[in-house]
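Reading the structure
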Amino acid sequence: MKYQQEVRKLLKRVLHGGRATQSEGSPLEEWSLRVPENLCTNEMKSQEGYPYFILSEAEFKAFQDIYQKMRRDLAFEYLTDSDLREKLEQILCEVLVNRKHYRNDRNLDERVVQFLAELAKPVEDYEVMFKVVNVEIRGKEEVLLWDATFLRMNKTKLMGWGLNRARGLSPAAVDEFDNKTLIIVKQSGNNQELILNRARKRAALVLNALQMYLSELRFVYDDQLSFGLSGLSAIRKVTSHKSAGVQDVGEHTLESKSPFAVHLGRDERFDEFFSKAQHELSTIGAFGPEIKAMVERAIRWIGKAIDETDPDYKVIALCTAMESLLTERNDGRKGEAIAFRMVLLASLLERNSLYPHLVLHIYGLRSKVIHGSSIEESTMHEYRLLKTAVKMVFHNFISIVDREKITKRSKLLAIIDTSKYSTKLIEQLEEYDDPYSKEIVEALRKAVAKRSPVA
């Protein structure tokens, strides 16, 4: 059983520690466990103050490790943070109060199994549906993009999907979805509120990806791509197709009178676009969790850049997307790191890149605004140039990670920084006598030295 060995190990440890004490206050609160009233012995009740068990630092750390692991597990997500902590504290106190009984390994093992069996709840699969605002996808009954499905349903199909059984459903809710472009995402769990929140975030991420790829098409502009989700969502269980209910978060994207129309089967641009996007997004889906998280953060920031109207904010969002992909926490100057890694990444794939000075200049505009020393620094010209750079970096990032089967940020940046092209780039930049070249060279030299083995 999951967590059985870890919980048992913790309980065995505290059985040989866990000092009991009485106090009117709360001694070392973070490392103490107040004994619940239902577990207090007559001896404890007869004494002054509240009974506590004091954990050692190592015991408390072990307790915290188990709590954090279980907190991330979907089987326990129905519990609030305080409820889960209380359950773990309860079993600890129970074992400590009944030391003699639980020092028998069989008794302890049976109690741990019982405890986990009672605490864990089944994880079920759900589908969550939202109306997509300001975009219409036509030409196919269903369109798969990443791990989401776009489709349209009339009232009859909506009823068949489960809306006729949804609790609290009104006719207006059916009208909200009737013959509109919908997105359905799948989520698992046992806490409906958390499932709906995760589904909304996932659907929004898929829309960000849709915005990002569509923005690469000619004659498609940001103000056409203000996509969003309706405040209303519907949820149903996958196994039974039984609707569990609807939710309205009260957040509604302003709807355009002329939604962006994607006609599949009639416009080759869109057919080619969906094929390319789905191929790349499927590749991302196979990445390890650390790299996948980097990519998803970048997609969110690119989508945010498209949604923004002020050029300063658009540039700030794109710079953050670049940081998500090409920097690490201990990079001294992130603008310079982005500039040289952008070029080196393209070189590793034998592809072209924008001039690094250009990107560093735009990053400098972002820094002036974000640190409060200026405003209205960027124009749409800088935004479009940086958007081109971000597009190239994004696709190059996917290609190199896929080719080299990279799973860690540190490994990726090491491959980039120590490539054979680093020396060539330094030599090329040293031919220029300008501040940007000197700053990029200095940052690149430090990055190479940091990753070089010490003799």
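Everything discussed here concerns the structure shown above.
Residues numbered from 1 in each chain as written. Predicted model: local features only at pLDDT ≥ 70, side-chain atom pairs only at ≥ 80, totals over all residues. Heavy atoms only, no water.

**A word on the overall build of the chain**
Cut-off, in case you're wondering: Helix and strand labels come from DSSP, where a helix needs a run of H or I of at least four residues and a strand needs a run of E of at least two; each type is numbered from the N terminus. For every residue, the accessible area (1.4 Å probe, protein chains only) is compared with the maximum for its type, and the residue is labelled buried under 20%, exposed over 50%, or partly exposed between those bounds. By definition in these notes, contact holds between two residues if any of their heavy atoms fall within 4.5 Å. Areas reported as accessible are Shrake-Rupley estimates using a 1.4 Å probe. Residue values count occlusion only from the protein chains shown. The charge count includes Lys and Arg as positive and Asp and Glu as negative, but it does not include His or the ends of the chains. Taken as the charge centre is NZ of Lys, CZ of Arg, CG of Asp or CD of Glu, depending on the residue.
Helix and strand counts for the chain come out as 18 helices and eleven strands. Along the longest, intermediate and shortest principal axes, the C-alpha atoms of the chain span 80 × 70 × 40 Å. Per-residue burial over the chain gives 48% buried out of 455 residues. Pairs at least 24 apart in sequence give 74% of the contacts found in the chain among residues at least 6 apart. Summed over all atoms, the accessible surface of the chain reaches about 23500 Å², with 49% contributed by carbon and sulfur. Side chains of the chain carry 69 positive and 67 negative charges; the gap between the two charge centres is 4 Å.

**Description of the side chain of His-395**
With respect to the helices and strands, His-395 occurs in helix H15 (residues 380–404). Look past the residues within four positions of His-395 in its chain and what remains in contact with it is Tyr-213, Glu-216, Lys-276, Glu-280 and Arg-351.

**Remarks on the pattern of salt bridges**
Threshold: Should a side-chain nitrogen of Lys or Arg be within 4 Å of a carboxyl oxygen of Asp or Glu, the pair is scored as a salt bridge.
What the rule picks out here adds up to 35 salt bridges. The shortest N-O distance in the salt bridge between Lys-387 and Asp-222 comes to 2.8 Å. You can see Lys-387 sitting in helix H15 and its partner Asp-222 sitting in the loop between helix H9 (192–214) and strand S9 (228–237), a full 165 residues away along the chain. Assessed through its relative accessible area of 19%, Lys-387 is described here as buried. Between Glu-328 and Lys-450 there is a salt bridge; the shortest N-O distance is 2.8 Å. A residue pair is termed long-range when its members are at least 10 positions apart, and Glu-328 in the loop between helix H12 (311–326) and helix H13 (334–348) and Lys-450 in helix H18 (residues 435–451) qualify at 122 residues. Classification of Glu-328 by relative accessible area gives buried; the value is 13%. A single network of salt bridges, built from pairs that share partners, joins Glu-328, Asp-331, Arg-341, Asp-417, Lys-450 and Arg-451.

**What to know about the nonpolar core**
For clarity, the cut-off: We define a nonpolar core as any set of buried Ala, Val, Leu, Ile, Met, Phe, Trp, Tyr and Cys residues linked to one another through side-chain atoms lying within 4.5 Å.
Within the largest apolar cluster, 94 residues are counted, with the highest numbers of intra-cluster contacts made by Phe-150, Ile-183, Phe-394 and Phe-397. At twelve residues, H9 tops the list of elements feeding residues into this core. The residues contacting Ile-183, other than those within four sequence positions of it, are Val-128, Met-129, Phe-130, Val-132, Ala-148, Thr-149, Phe-150, Ala-203, Val-206 and Leu-229. Formed by 34 residues, the second largest nonpolar core is a distinct cluster that contains Leu-11, Met-44, Tyr-102 and Phe-115.

**Focus: empty space enclosed by the protein**
Put simply, the test is: Here the term cavity refers to a set of points on a 1 Å grid, laid over the protein atoms alone, in which a 1.4 Å probe fits but cannot get out; the term pocket refers to an open set having protein on both sides within 12 Å along at least five of seven lines, with lining residues being those that place an atom within 4 Å of a point. Grid points are joined across faces, edges and corners, and a volume is the space filled by probe spheres set on the points. Residue type decides the class: Asp, Glu, Lys and Arg count as charged, Ala, Val, Leu, Ile, Met, Phe, Trp, Tyr, Cys and Pro as nonpolar, and the leftover types, Gly among them, as polar.
All told, the structure shown has one cavity of 30 Å³ or more when counted by the stated rule. Residue lining of the largest cavity: Val-7, Leu-10, Leu-11, Phe-63, Ile-66, Leu-88, Ile-91 and Leu-92, and that is the complete set. Contributions of two or more residues to the lining of the largest cavity are made by helix H1 (4–15), helix H3 (57–71) and helix H4 (81–97). Class assignment for the residues of the lining of the largest cavity results in eight nonpolar, no polar and no charged.

**Brief notes about the layout of surface pockets**
In this structure, the largest pocket occupies an estimated 500 Å³ of space. Along the walls of the largest pocket sit 25 residues, with Ser-215, Val-220, Asp-222, Arg-384 and Lys-387 positioned nearest its centre. Tallying contributions element by element places H15 first for the lining of the largest pocket, with seven residues. Looking at the lining of the largest pocket, its residues break down into eleven nonpolar, four polar and ten charged.

**Let's talk about the packing of helix H14 (residues 356–370) against H15**
What counts is decided by this rule: An axis is simply a line fitted to the C-alpha atoms; with a helix, the fit covers only the stretch in contact. Between two such axes, the angle follows the N-to-C directions and lies from 0 to 180 degrees. Each angle receives one of four descriptions, namely roughly parallel if under 35 degrees, roughly antiparallel if over 145, roughly perpendicular if within 65 to 115, and oblique otherwise. Crossings are assigned a handedness: left-handed for a near helix turned anticlockwise from the far helix by less than a right angle, right-handed for a clockwise turn.
Axis separation between H14 and H15 bottoms out at 10 Å; the angle between their running directions is 125 degrees. Classified by the interaxial angle, the pair formed by H14 and H15 is oblique. In the crossing of H14 with H15, the sense of the turn from one axis to the other is left-handed. Contacts between H14 and H15 involve Leu-358, Val-359, Ile-362 and Leu-365 on the former and, on the latter, Glu-382, Leu-385, Leu-386 and Ala-389. Residue composition of the contact of H14 with H15, grouped by class: seven nonpolar, no polar and one charged.

**Quick word on the pairing of strand S3 (residues 50–54)**
Short version of the rule: Paired strands, in this sense, are two strands between which DSSP finds at least two bridges.
When you tally the buried positions in S3, you get four out of five residues, the bulk of the element. Two elements, strand S2 (residues 32–34) and S3, share three bridges in a ladder whose sense is antiparallel. Looking across to S3, one finds that Ser-32 is bridged to Ile-54.

**Here's the deal with the packing of aromatic side chains**
What counts here: Geometry of aromatic contacts follows a simple scheme: Phe, Tyr and Trp rings, the Trp one being its six-membered ring, pair when their centres are within 6.5 Å, and the pair is stacked under 30 degrees between planes, edge-to-face over 60, tilted otherwise. Comment: the charge-over-ring label is applied if NZ (Lys) or CZ (Arg) is within 6 Å of the ring centre and within 35 degrees of the ring normal.
Applying the stated criterion to the full structure yields six aromatic pairs. Seen from their ring centres, Phe-260 and Phe-270 are 6.0 Å apart, and the 80 degrees between their planes marks the pair as edge-to-face. Remark: Phe-270 occurs in helix H10 (residues 268–285) and Phe-260 occurs in strand S11 (residues 260–263); sequence separation between them is ten residues. Judged by its relative accessible area of 9%, Phe-260 is buried. A centroid spacing of 6.3 Å and a plane angle of 75 degrees characterise the contact between Tyr-355 and Tyr-432, whose relative ring orientation is edge-to-face. Residue Tyr-355 is found in the loop between H13 and H14, and its partner Tyr-432 is found in the loop between helix H17 (421–429) and H18; the two are separated by 77 residues along the sequence. The partly exposed category is assigned to Tyr-355, whose relative accessible area is 42%. Between Arg-202 and the ring centre of Trp-146, over which it is positioned, the NZ or CZ distance is 4.4 Å. Positioned over the ring face of Phe-270 is Arg-269, at 5.0 Å from the centre of the ring.

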